[in-house]
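Spelled out, the chains give:
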Amino acid sequence: MIEIEHVRKSFGQLEVLKGIDLTVEKGEVVTIIGGSGSGKSTLLTCINGLEPIDSGRILIDGTEVHAKSTDLNKLRRKVGIVFQQWNAFPHLTVLDNVTLAPRKVLGMSRAEAEEIAERQLTHVGLGDKLKTFPGRLSGGQQQRMAIARALAMSPEYMLFDEVTSALDPQLVGEVLDTLKMLAQEGMTMICVTHEMSFARDVSNRVAFFHQGVMAEIGSPEQIFGDPQNPETRKFLSSTRQ
Amino acid sequence: MFNYTFQWKQAFARLPQMLDGAAVTMQIAILSMVLGILLAITLTMFRLSGSRILSAIARTWVEVARNTPALFQIYMMHFGLGSFGLHLSPFLSILLGITFNNAGYLAENFRGALKAIPETQTRAARSLGFGAAGAFGYVVLPQMLRIAFLPMTNQMVWAILMTSLGVTVGMNADLYGVVQDLNALTFRTFELFALAAVIFYLITKIITIGARLIAARLFRY
């Protein structure tokens, strides 16, 4: 369970998170929508401790992420994250991209790590690209590789930060299909996305962020069908065009 | 006006000695590169450490190495340290002098190469559970070495040529030192040094071609 309590976060003068409260249960898929600068992506990087927070706290299975005593490197094995810019390691083959962390962080043998990596890569449809370098892959393929790389650490939670935003339109579908598949398999996920139909299809709950505040949260039917907050209505009508 | 008689035979007769010298030259250059790369990586990390003292040490090193004559740097290793009672052999003096120079130049190259690697690479590695050292060692360092590979090759060539400065601190086992001694013995100055220059040229050529082959094999991405 991920518990976010009264989280505030500023970059200099700019307060990007103004007291966020959100609890995500095991097995749940929560998508976060909202305009740019609403603090959605910042929240994700705070959840796995890549960014410090100013006040409040975030608990993952009861462990406080930003407590001094928390071993972040250990905690991050539990929480996978995939970014908008897929950040493939260009000097490693697709297979080595995925086996690197299991081998060097978890201490797996090469054979063991490769077995897992091959399974994950096949799972995301890259079983035939094992020996390829990321530079030769399309954006969508690199993004799927990044997903497999995170999954190879067998995380219990996955965070997706606008994973389709940097992709050509025709490549968005293959990545979203991968996410849908994960959701159906019961992975606990928080997805920041601009893909409204995706949010509607896979989420248990949809949260709308506006200027650092979670303006509204509810079932996809409620958020898309009967939004209560005027800002949500404004945002949704602007994205429908 | 031009009545010099070339006596190439005499020079070529000394070729085996010169090749022995060339082996020592190679030895110095390779050792100074290995040490120089390790030191340059250390200096680069000093600069990134955020510590003012470490960063100042690194910056001073780079400034001195790049902005003073290599001859001065080698002199300091031998006569400079000698004044403080620390007497290094000619071999060690030239080796450490060139190493100092290599480390300074390479540290600057590495710093430039690091700038070309996006911060997000470290972020991605950290998010997979790597600590700062792991992220640097497994993700950033290999990419840095690739970007800096060509400058490293240049520095290797420069290291070979710098060995010729060893004669100034009494080094006579390397290629240039051997030729210097032979010259004193035979006075076939032009022939001996011309032959030495050809050997230097061939060594550096082999190194640049070899480096290109290594790069093609190592950096397939």
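The residue numbering used here restarts from 1 in each chain and proceeds along that chain's sequence as written. Following the order in which they are written, the chains are lettered starting with A and the ligands numbered starting with 1. Residue-level local features of this predicted model are given only where pLDDT is at least 70; pairs of side-chain atoms are given and counted only at 80 or more, and the full residue set underlies all totals for whole chains, interfaces and linings.

Peer 1: Describe the sheet that holds strand E9 (residues 205-210) of chain A, listing the residues and the values that go with them.
Peer 2: Residue and element names in this part refer to chain A. Judged by pairing direction, the sheet is mixed, and its 6 strands sit side by side in the order E6-E7-E8-E3-E9-E10 without closing on themselves. Either end of the sheet is taken by a strand with one partner, and the two such strands are strand E6 (79-82) and strand E10 (213-218). Neighbouring strand axes in the sheet, compared pairwise and without regard to direction, differ in orientation by 15° on average. The pairing of strand E7 (residues 157-161) with strand E8 (residues 188-192) spans 5 bridges and is parallel. Among the inter-strand pairings, Asp161 is bridged to a residue of E8, identified as Val192. By definition, two strands form a pair when at least two bridges between them are found by DSSP. Where helices and strands are cited, they refer to DSSP runs of H or I of at least four residues and of E of at least two residues respectively, numbered from the N terminus. Lines fitted to C-alpha atoms define the axes here, with helix axes fitted over just the stretch in contact, and angles between the N-to-C directions of these axes take values from 0 to 180 degrees.

Peer 1: Any chance you could break down the UniProt feature "transmembrane region" (unreviewed entry) in chain B for me, citing the residues and the numbers?
Peer 2: UniProt positions are given in the numbering used here, feature names are shortened, and annotations may be inferred rather than shown by experiment. When the UniProt feature table is mapped onto this chain numbering, "transmembrane region" (unreviewed entry) sits at residues 24-46, 84-107, 127-149, 156-173 and 193-215 of chain B. From the first C-alpha to the last, residues 127-149 of chain B spans 28 Å; its make-up is 78% helix and 0% strand.

Peer 1: Outline the confidence of the model for chain A, listing residues and values.
Peer 2: Detailed reading of predicted coordinates is not advised where the pLDDT is low. pLDDT expresses, on a scale from 0 to 100, how confident the predictor is about each individual residue. Within chain A, residue pLDDT values average 93, and 99% of them lie at 70 or more. At the low end of the mean pLDDT range in chain A sits helix H9 (residues 230-240) of chain A, at 89; at the high end sits helix H3 (residues 94-104) of chain A, at 97.

Peer 1: Describe the UniProt feature "domain: ABC transmembrane type-1" (unreviewed entry) in chain B, with residues and values.
Peer 2: Under the feature "domain: ABC transmembrane type-1" (unreviewed entry), the UniProt entry names residues 22-211 of chain B. Secondary structure across residues 22-211 of chain B divides into 83% helix and 0% strand, with the first and last C-alpha atoms of the span separated by 19 Å.

Peer 1: I'd like a description of the pairing of E9(A), backed by residues and values.
Peer 2: As a general feature of sheets, a regular strand has side chains that alternate between the two faces. All names here are of chain A. Here a residue counts as buried when 20 or more other C-beta atoms fall within 10 Å of its C-beta, as exposed when 12 or fewer do, and as partly exposed in between; the C-beta atoms come from the backbone. With respect to burial, E9 is a largely interior element, 5 of its 6 residues being buried. Summarising the sheet, strand E3 (residues 29-34) and E9 pair through 5 bridges and their orientation is parallel. If you follow Ile32 over to E9, its bridge partner there is Ala207.

Peer 1: Which residues make up the nonpolar core, and what are the values?
Peer 2: Soluble globular proteins: nonpolar side chains tend toward being buried together. Ranked by internal contacts, the top residues of the largest apolar core, which has 125 residues, are A:Ile47, A:Ala148, A:Leu159 and A:Phe160. Among the elements that make up this core, the one with the highest residue count is helix H5 (residues 90-115) of chain B (11 residues). The contact criterion used here is simple: two residues whose C-beta atoms, placed from the backbone, lie within 7 Å are in contact. In contact with A:Phe160, other than residues within four places in its own chain, are A:Val82, A:Leu179, A:Met189, A:Cys191 and A:Val192. By convention the nonpolar core is taken to be a set of buried residues drawn from Ala, Val, Leu, Ile, Met, Phe, Trp, Tyr and Cys and joined through C-beta atoms within 7 Å.

Peer 1: Which residues make up the sheet that holds strand E4 (residues 55-60) of chain A, and what values go with them?
Peer 2: Residue and element names in this part refer to chain A. The sheet built from 4 strands is open, its strands ordered E2-E1-E4-E5 with antiparallel pairing. Each of the sheet's edge strands pairs with one partner strand only, and the pair in question is strand E2 (14-24) and strand E5 (63-64). The pairing of strand E1 (residues 2-11) with E4 spans 5 bridges and is antiparallel. Residue pairing across strands places Arg8 opposite Ser55, the latter belonging to E4.

Peer 1: Explain helix H3 (residues 52-67) of chain B to me, using residue names and the numbers behind them.
Peer 2: Residues and elements named next belong to chain B. Here the expected span of a helix is defined as 1.5 Å times the quantity of residues minus one. Helix length check: H3, at 16 residues, gives a terminal C-alpha distance of 22 Å against a target of 22 Å (1.5 Å per residue), a fit within 8%. Those residues of H3 lying buried are Ala58, Trp61, Val62 and Ala65. Projected down its long axis, H3 shows its buried positions confined to an angular sector of 95°, all on one face. Opposite the packed face of H3, turned more than 90 degrees from it, sit the exposed residues Arg52, Ile53, Ala56, Thr60, Glu63 and Asn67. In this structure, the buried residues of H3 make contact with helix H2 (15-48), helix H4 (70-83) and H5. Note that the arc is computed from the directions linking the helix axis to the C-beta atoms.

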